[in-house]
Amino acid sequence: MLTCTAFLITLSFSGEPLTARYLIYIILCLLMLQAFIGIFLYRKRKRDLREIKEVISKIITNSYKSAEEIHLRGDLSELQKEIKTMFLKTQSDIANLKRLEQIRTEFLGNVSHELRTPIFAIQGFIETLLNGAIDDSSVNRSFLAKANQHTLNLSALLNDLIDISMIESGEMLLSFRYFNAYEFLEEIIQEFIPKAQEKNLSLILLPLDSSLKIYGDKQRLRQVMVNLIMNALKYTDAGSVTIGIADEAERCRIFIRDTGIGIPAEDLKRVFERFYRVDKDRSRMMGGTGLGLAIVKHIVEAHGFKVEVTSEPGKGSEFSFRVKK
């Protein structure tokens, strides 16, 4: 390259015309220069591709434990950043897939167990009746009543499974509108008064503005309140269950407070998980499906808020959530 350049400079200063021989010589020099540059760039590109291929191969085979182990040469620094980003996203996707697979496996196991319990109970009562108990007036109606109760439990479980499936798949459509908060709560409480009276519990609605309107899906929020009040009555043996609304400027907080058995601190973070029960024996005995609080959590989150819970064993619990007004 230096020879060709010096030669051209010499000719330009000497004033001699460029003959055909000189032009051929120049062209050959330029071609050789281009060839050298091409070979250099080819080898460099081949080396770069080999290095990139090795890094990607290690990512595919999970050879890297962290993104910091990924290194490319200086002139590939921008590409290195992109590969590290891809690696981190891949690791995150793999972790999520593993978590979802574990959740799916646990869910199927829990569903199988929860379905098996009422089905086996119904089957047992029916077989006993068919084997002669149907003619025994002292037990036949009792067995039929118990079988019927288990069919109701099974129906409740299937309904909850349908709800949770619709919610988690995004098929649950919400219909937002304003409605009267007092009328909404009063109607629900009236439904639970007989249940509260059976347990000698006071079911209290604290005073609130009778003109207060809240914004949300009325039917789904009713489902939230029914689940929370039902749980409060189920786990309260003496005292009261109190429902109220606290005003918070552009929104309000609805709470359900009871004087029940309470929830241990280690269980508070898990009470909204599907099929998680603090008191498993009591829940099954009283017909709990284990999905109620999970449904509550999803519905409230679909309204843009979170369910909160505070509790102290032996003193009671308070569940609350916010809605716009």
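Okay, so let's go over this structure. (Residues numbered from 1 in each chain as written. Predicted model: local features only at pLDDT ≥ 70, side-chain atom pairs only at ≥ 80, totals over all residues. Heavy atoms only, no water.)

**Some words on the overall build of the protein**
Right, so step 1: Counting its secondary structure elements, the protein contains 8 helices and 7 strands.
Right, so step 2: Classification of the 325 residues of the protein by burial places 36% in the buried group.
Right, so step 3: Taking the intrachain contacts of the protein between residues at least 6 apart in sequence as the baseline, contacts between residues at least 24 apart amount to 67%.
Right, so step 4: Carbon and sulfur atoms form 58% of the exposed surface of the protein, whose accessible area is close to 20400 Å². (Helix = DSSP H or I, 4+ residues; strand = E, 2+ residues; numbered from the N terminus. Buried < 20%, exposed > 50% of the residue type's maximum accessible area, 1.4 Å probe, protein only. Contact = heavy atoms within 4.5 Å. Areas by Shrake-Rupley, 256 points an atom, 1.4 Å probe, with all protein chains shown as cover.)

**Side note on a nonpolar patch on the surface**
Right, so step 1: A cluster of nonpolar residues, Leu23, Ile24, Ile27, Leu28 and Leu31, forms a patch on the protein surface that exposes about 460 Å² of accessible area.
Right, so step 2: Within the fold, leucine 31 resides in helix H2 (residues 20–60).
Right, so step 3: For leucine 31, a relative accessible area of 47% corresponds to the partly exposed category. (Patch = residues over 30% accessible without salt bridge, like charges linked within 9 Å, V, L, I, M, F, W, Y side chains within 5 Å. Salt bridge = Lys/Arg side-chain N within 4 Å of Asp/Glu carboxyl O.)

**Structural notes on the packing of helix H4 (residues 140–168) against helix H8 (residues 292–302)**
Right, so step 1: Between H4 and H8, the least distance of the axes is 10 Å, while the angle of their chain directions is 30°. Taken together, H4 and H8 sit at an angle that is classed as roughly parallel. The two elements H4 and H8 meet at a crossing, and its hand is left-handed. Residues Asp160, Asp163, Ile164, Ile167 and Glu168 of H4 pack against Gly292, Ala294, Ile295, His298 and Ile299 of H8.
Right, so step 2: Of the residues belonging to the contact of H4 with H8, the class tally is 5 nonpolar, 2 polar and 3 charged. (Axes fitted to C-alpha atoms, helices over the stretch in contact; angles between N-to-C directions. Parallel < 35°, antiparallel > 145°, perpendicular 65-115°, else oblique. Left-handed = near helix turned anticlockwise from the far one by under 90°. Nonpolar A, V, L, I, M, F, W, Y, C, P; charged D, E, K, R; others polar.)

**Comments concerning the nonpolar core**
Right, so step 1: With 51 residues, the main nonpolar core has Met225, Ile229, Ile243 and Phe321 as its most contacted residues.
Right, so step 2: Every element with two or more residues in this core is listed here: H4, helix H5 (181–198), strand S2 (202–205), helix H6 (218–234), strand S4 (240–248), strand S5 (251–258), H8 and strand S7 (316–324).
Right, so step 3: Phenylalanine 321 has contacts with Leu221, Val224, Met225, Leu228, Cys252, Arg253, Ile254, Val300, Lys306 and Val307, leaving out every residue within four places of it along the chain.
Right, so step 4: Core analysis: the next-biggest nonpolar cluster, separate from the first, contains 9 residues, Val55, Ile59, Ile70 and Phe87 among them. (Core = buried A, V, L, I, M, F, W, Y, C linked by side-chain atoms within 4.5 Å.)

**Looking at the packing of aromatic side chains**
Right, so step 1: Per the counting criterion, the structure on display carries 5 aromatic pairs.
Right, so step 2: Ring geometry for phenylalanine 176 and tyrosine 215: centres 5.7 Å apart, planes at 25°, overall stacked. Of the two residues, phenylalanine 176 is situated in strand S1 (residues 176–180) and tyrosine 215 in strand S3 (residues 213–217); the sequence distance between them amounts to 39 residues.
Right, so step 3: Assessed through its relative accessible area of 34%, phenylalanine 176 is described here as partly exposed.
Right, so step 4: Three or more aromatic residues joined by ring pairs make a cluster, and in this case those are Phe176, Tyr178 and Tyr215. (Phe/Tyr/Trp six-rings, centres within 6.5 Å; stacked < 30°, edge-to-face > 60°.)

**Considerations on the side chain of glutamine 223**
Right, so step 1: Residue placement: glutamine 223 occurs in helix H6.
Right, so step 2: At 2.8 Å, the side chain of glutamine 223 and the side chain of arginine 220 are in polar contact.
Right, so step 3: Look past the residues within four positions of glutamine 223 in its chain and what remains in contact with it is Asp163, Ile295 and Ile299. (Polar contact = N/O pair within 3.5 Å; in protein donor to acceptor, adjacent residues only side chain to side chain.)

**Quick look at the pattern of salt bridges**
Right, so step 1: By the definition in use, this model includes 13 salt bridges.
Right, so step 2: For glutamate 301, the salt bridge goes to lysine 297, with nearest N and O atoms at 3.3 Å. Of the two residues, glutamate 301 and lysine 297 are both situated in helix H8; the distance of 4 residues between them amounts to about one turn of the helix.
Right, so step 3: Lysine 297 sits in the partly exposed class, given a relative accessible area of 27%.
Right, so step 4: Sharing partners across several salt bridges, the network here consists of Glu248, Arg251, Glu308 and Arg322.

**Re unusual backbone geometry**
Right, so step 1: Despite not being glycine, asparagine 200 has its phi angle at roughly 55°, a positive value.
Right, so step 2: Following the sequence through the fold, asparagine 200 ends up in the loop between H5 and S2.
Right, so step 3: Even without glycine at this site, alanine 249 takes up a positive phi of about 55°.
Right, so step 4: Here alanine 249 lies in the loop between S4 and S5.
Right, so step 5: On the basis of relative accessible area, alanine 249 is assigned to the exposed category, the value being 66%.

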